[in-house]
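Architecture and fold: a report
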Amino acid sequence: MEKVAHRSHLGQLVLWLLMIVELSLFYSACSAEIPVRKILNLGDCNPHVRLQISHHNVVIDNGLIEVTIENPSGHVTGIKYMGMDNVLECGNPNSNRGYWDFVWDNSTFDKMETKHVKVVAHTDELVEISFTKNWDFRTDHGKTVPLNIDKRFIVRRGVPGVYMYGIFERQEDFPDAQIYQLRIVFKLKEDKFRFMAISDTRQGVMPRGEDRDNTRSQTLAFKEAVLMTNPSNPQFRGEVDDKYQYSCENKDNKLHGWISDDDAVGFWIITPSNEFRTGGPHKQDLTSHVGPIALSMFVSTHYTGIDIDVTYKKGEAWRKAFGPVLIYLNSASSDDDCRKKLWNDAKRQLSEEIESWPYNFTRSEDLPHAGDRGEVCGQLLVRDRCVDEELMQAQSAFVGLAVPGNVGSWQTEGKGYQFWTETDNTGRFNIKNVRRGEYNLYAWVHGFIGDYKLDLSITIQPGNKVNLGTLIYDPPRNGPTLWEIGIPDRTVAEFFIPEPDPTFVNPLCLDAADKFRQYGLWDRYSDIYRHGDVVYTVGVSNYSRDWFFAHVLRNTGNITDLSTTTWQIKYNLQDVNEKGNYTLQLALAAASYAELQIRFNNPDAIQPCFTTTRIGYDNAVARHGIHGLYRLYSINIPGNRFIRGNNTIFLTQTRSHALFDAVMYDYIRLEAPAV
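Residues numbered from 1 in each chain as written. Predicted model: local features only at pLDDT ≥ 70, side-chain atom pairs only at ≥ 80, totals over all residues. Heavy atoms only, no water.

By the naming in an unreviewed UniProt entry, the protein is rhamnogalacturonan endolyase, taken from Gossypium hirsutum. Looking at the protein in UniProt, the text filed under Subcellular location (unreviewed entry) is "Secreted". UniProt annotates the protein under Sequence similarities (unreviewed entry) with the comment "Belongs to the polysaccharide lyase 4 family." (UniProt positions renumbered as here; feature names shortened; annotations may be inferred.)

Turning our attention to the packing of aromatic side chains. Counted under the stated rule, the structure contains 46 aromatic pairs. Centroid distance tyrosine 536 to tryptophan 547: 5.6 Å. Interplanar angle 85 degrees. Geometry classified as edge-to-face. Taken together, the residues tyrosine 536 in strand E35 (residues 535-537) and tryptophan 547 in the loop between helix H6 (543-546) and strand E36 (565-573) connect sequence positions 11 residues apart. The pair tyrosine 536 / tryptophan 547 is uniform in exposure class, with both members buried. An aromatic cluster is built from Trp100, Phe102, Tyr163, Phe168, Phe276, Phe298, Tyr312, Trp318, Phe322, Trp357, Tyr359 and Phe361, whose rings are joined through pairwise contacts. A cation over a ring is seen here: lysine 415 above tyrosine 312, with NZ or CZ 4.6 Å from the ring centre. The lysine or arginine in question, arginine 614, covers the ring of tyrosine 617, its NZ or CZ lying 4.5 Å from the ring centre. (Phe/Tyr/Trp six-rings, centres within 6.5 Å; stacked < 30°, edge-to-face > 60°. Helix = DSSP H or I, 4+ residues; strand = E, 2+ residues; numbered from the N terminus. Buried < 20%, exposed > 50% of the residue type's maximum accessible area, 1.4 Å probe, protein only. Lys NZ or Arg CZ within 6 Å of the ring centre and 35° of its normal.)

The next subject is the pattern of salt bridges. Under the definition given, this model contains 38 salt bridges. Note that aspartate 285 is salt-bridged to lysine 283, the shortest N-O span being 3.4 Å. Both residues of the pair, aspartate 285 and lysine 283, belong to the buried class. Two residues, glutamate 352 and arginine 348, come together in a salt bridge whose shortest N-O distance is 2.5 Å. Of this pair, glutamate 352 and arginine 348 both sit in helix H4 (residues 338-356), four residues apart, which is roughly one turn of the helix. Within the structure, one salt-bridge network assembled from shared partners comprises Asp384, Arg477, Arg669 and Glu671. (Salt bridge = Lys/Arg side-chain N within 4 Å of Asp/Glu carboxyl O.)

Turning next to H4. Taking 1.5 Å per residue as the helical rise, H4 with its 19 residues ought to reach 27 Å, and the 27 Å between its terminal C-alpha atoms agrees with that figure. Along H4, the residues that are buried comprise Cys338, Leu342, Trp343, Asp345, Ala346, Gln349, Leu350 and Glu353. Buried residues of H4, viewed axially, fall in a sector of 165 degrees; they line one side. Turned more than 90 degrees from where H4 packs its buried face, Lys340 and Glu355 sit exposed. (Expected span 1.5 Å × (residues − 1). Arc of directions from axis to C-beta.)

Let us look at the side chain of aspartate 61. If you trace the backbone, aspartate 61 turns up in strand E2 (residues 57-61). On the accessibility criterion, aspartate 61 (17% relative accessible area) is buried. Of note is the side chain of aspartate 61, whose polar atom sits 2.8 Å from the backbone nitrogen of glycine 63. (Polar contact = N/O pair within 3.5 Å; in protein donor to acceptor, adjacent residues only side chain to side chain.)

All right, on to the domain arrangement of the protein then. Along its sequence, the protein is carved into domain 1 (50-201 + 248-356), domain 2 (370-473) and domain 3 (481-671). Centre-to-centre separation of domain 2 and domain 3, based on C-alpha positions: 31 Å. Every contact between the two is made by 11 residues of domain 2 and, on the other side, 11 residues of domain 3. For the pair domain 2 and domain 3, the summed buried area comes to about 910 Å², and 58% of that belongs to carbon and sulfur atoms. Ranking the residues of domain 2 by area buried against domain 3 places Gln411, Trp444 and Ile449 at the top, with a combined share of 57%. The tally of links from domain 2 across to domain 3 stands at one salt bridge. Inspection of the region where domain 2 meets domain 3 yields five residue pairs in polar contact (both at pLDDT 80 or more). (Domains from an automatic or database assignment. Contact = heavy atoms within 4.5 Å. Buried area = accessible area lost by both parts, 1.4 Å probe.)

As annotated by UniProt and renumbered to match this structure, "domain: Rhamnogalacturonan lyase" (unreviewed entry) occupies residues 395-467 and 481-670. The span residues 395-467 shows a helical share of 0% and a strand share of 44%, and its end C-alpha atoms are spaced 19 Å apart.

Turning our attention to the environment of valine 434. In this fold, valine 434 is placed in strand E29 (residues 428-434). Residues valine 434 and valine 376 lie 58 residues apart in sequence; the distance between their C-alpha atoms is 8.1 Å. Every residue in contact with valine 434, bar those within four places of it in the chain, is listed here: Arg373, Gly374, Glu375, Leu401, Phe419, Tyr439 and Ile460.

For the rest of this paragraph, the subject is the nonpolar core. Judged by nonpolar contacts, the single largest core of 107 residues is most densely connected at Phe168, Phe186, Phe267, Leu380 and Leu441. Per element, the largest residue contribution to this core is eight residues, and it comes from strand E24 (residues 318-331). There are two domains that each give this core at least three residues, and those are domain 1 (50-201 + 248-356) and domain 2 (370-473). Of all hydrophobic cores here, the second largest spans 62 residues; its members include Val552, Leu586, Leu596 and Phe610. (Core = buried A, V, L, I, M, F, W, Y, C linked by side-chain atoms within 4.5 Å.)

The subject of this paragraph is the side chain of serine 130. By secondary structure assignment, the location of serine 130 is in strand E8 (residues 126-133). When its relative accessible area of 3% is taken as the criterion, serine 130 is described as buried. Among the polar contacts listed, one links the side chain of serine 130 to the side chain of aspartate 150, at a separation of 2.7 Å. At a separation of 3.5 Å, a polar atom in the side chain of serine 130 contacts the side chain of arginine 152. Excluding residues that lie within four positions of it along the chain, serine 130 makes contacts with His116, Val117, Lys118, Val120, Asp150, Lys151 and Arg152.

Turning to the pairing of strand E15 (residues 225-228), a few remarks are in order. Every regular strand shows the same layout, with side chains that alternate between the two sheet faces. Where burial is concerned, the two faces of E15 agree: the one with Ala225 and Leu227 and the one with Val226 and Met228 are both buried. Summarising the sheet, strand E14 (residues 217-219) and E15 pair through three bridges and their orientation is antiparallel. Its bridge partner lying in E15, glutamine 218 is registered against leucine 227. Here E14 folds back onto E15, and the loop between the two strands holds five residues. Note that E15 and strand E16 (residues 240-242) share three bridges and pair antiparallel. In the sheet register, valine 226 faces E16, and the bridge partner there is aspartate 241. (Pairing = 2+ DSSP bridges.)

Before going further, it helps to examine the environment of aspartate 173. Its place among the elements puts aspartate 173 in the loop between strand E10 (161-170) and strand E11 (177-187). Put simply, aspartate 173 and isoleucine 354 are 181 residues apart on the chain and 38 Å apart in space, counted from C-alpha to C-alpha.

The strand order E7-E8-E9-E10-E24-E19-E18-E12-E13 describes an open sheet built from nine strands, whose pairing is antiparallel. At either end of the open sheet lies a strand with only one pairing partner, and these are strand E7 (116-122) and strand E13 (203-205). Strand after strand, the sheet turns through a mean of 20 degrees between neighbouring axes, direction not considered. Pairing of E10 with E24 involves nine bridges; the strand directions are antiparallel. Residue pairing for E24: methionine 164 is matched across the bridge by valine 325. The strands that H4 touches are E10, strand E12 (193-197), E13, strand E18 (255-260), strand E19 (265-270) and E24; relative to E24, the one it contacts most, it runs at about 145 degrees. (Axes fitted to C-alpha atoms, helices over the stretch in contact; angles between N-to-C directions.)

The omega torsion of the bond from asparagine 71 to proline 72 falls at 10 degrees, within 30 degrees of zero and hence cis. Relative to the helices and strands, proline 72 is located in the loop between strand E3 (65-70) and strand E4 (76-81). The phi angle at serine 396 is positive, at roughly 55 degrees, despite the residue not being glycine. Take serine 396: it is sitting in the loop between strand E26 (392-393) and strand E27 (398-402). The partly exposed category is assigned to serine 396, whose relative accessible area is 38%. The backbone of asparagine 433 sits at a positive phi, close to 55 degrees, despite the residue not being glycine. Mapped onto the fold, asparagine 433 is located in strand E29.

Put into structure tokens, the structure is as follows:
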């Protein structure tokens, strides 16, 4: 019996030693590179998700994060994480901490206060809560946006964050409305979150919100841009701050947020999919900005103006789900490298969310899971015999599905879902996880002008895969190239972007790739071309040095006396076909309240050979963009407009009602008559 007992005790001792070794290895592996919160997430010992509902609040807690939502408004009033009782600004009222809002008719804000709360799911693994309100003509007409609202919140076991999505619906009998903006807003603790991160290069300590007050700063050419003259932190004196300097294209707007250095805590907005955003992959929008404020933008007129479809008519039923996005928090040890660790961990979490998309844990039928979606594949080739006799592979082309419309209509489409991908080196594409519905397929190819649209309606059913085979894009072309300026890439990135005025610098935009985001670059035109406008000589000039990035007005020093500008393109023709038709391919990257008139060889001609008429609302120049909406004009010119020898094209931007009336050129090409 003693030997049996001895062996039993010995076995227990061995088991205990093995457990100690395993735990030691586990913690040493976790502590090497992974923030503290990763250790808290691992293992089956995680607390299950708890839910408490009172008359005033809904509280969801998973042991890592505690989220408090006001009952029944649906405003997020508190997020408790690690040692921080609330990462949101407690000095703000409940309606001004974490909230959804619309901007609708006559620029009216609606913070979507709801009236009812419903528990959609409550298990050990997750809690999903729904806050709803149905629009009522008798009580809401003219007061709130005419929509039925369903705001959803999900907290999952082991995830230090909250998923948020919304379902919005208009019934046929709802009155007309224009919805200019839809977003989620978080206002963080002002004395804690000072470091903002948008990308690997746009990161830095930010001013406080109070530094933008008129007692501490000077408002510049528009209210969003200020020059800090007496900031609370002297290091910001003489710097410019403007929320539009922190804009980003939809395709890149996946992760941004703030860090509290004192607590080594990060607050991030993670967007794993763009299917619910409007305007396609190149639509630009806001991210984070001074406040500290973090935004999740779904709908806006930024960089498009009212050209994007935001008008809802009576008789037009509509329903759409926006999100989910993940509000993610992380922590690290408080050391000199904590910012890098938090940013890298947030990027890791983004990768996990993208890999998990579409989510399988949401409980709404408006968010179909992977098995309820379809996909579309094929190969895109380009046929342009003036470039190559053979078919060319459309490398790195953008190919997407959007609601049926005209060629290029996806840019201004504001109500449906869009699904985009890039082709590989052979032009092959595979658009995955497409919702059920009717779509057109659209594309554009880097290095070629124009837009592609497949003249075929594509029906997506759950689980089906549509193989379109080989598609051929014939870009606009009427004859061989005589000369060209720029690269057909829908931006002005390749043109001359000047150095900023040293008195108007933002340190977050010093990287070469972000140089165009500096304030006041439009005014540099009047400095550089003070004795005359752009004159570009084909074969001599270099567009990266001699073609200013934006065709702007001349600032004479009097805001009420802005001068229109005329640019010249000089070129030589050895031979002229007077009976043939030449083509000027004019691609614009942006336009704002502009009219471009074109004359050939006679700048004083009363009637221009061509005019765009008044176009554009994108305001890309003022908002530090290198593009807005893309426009292409194929202009036929009779051969008798040309002369043998030296010729000149005159481009005049004729509108001068405001400082930012301007156009941006993407690409210009003169084609000879067809052979």
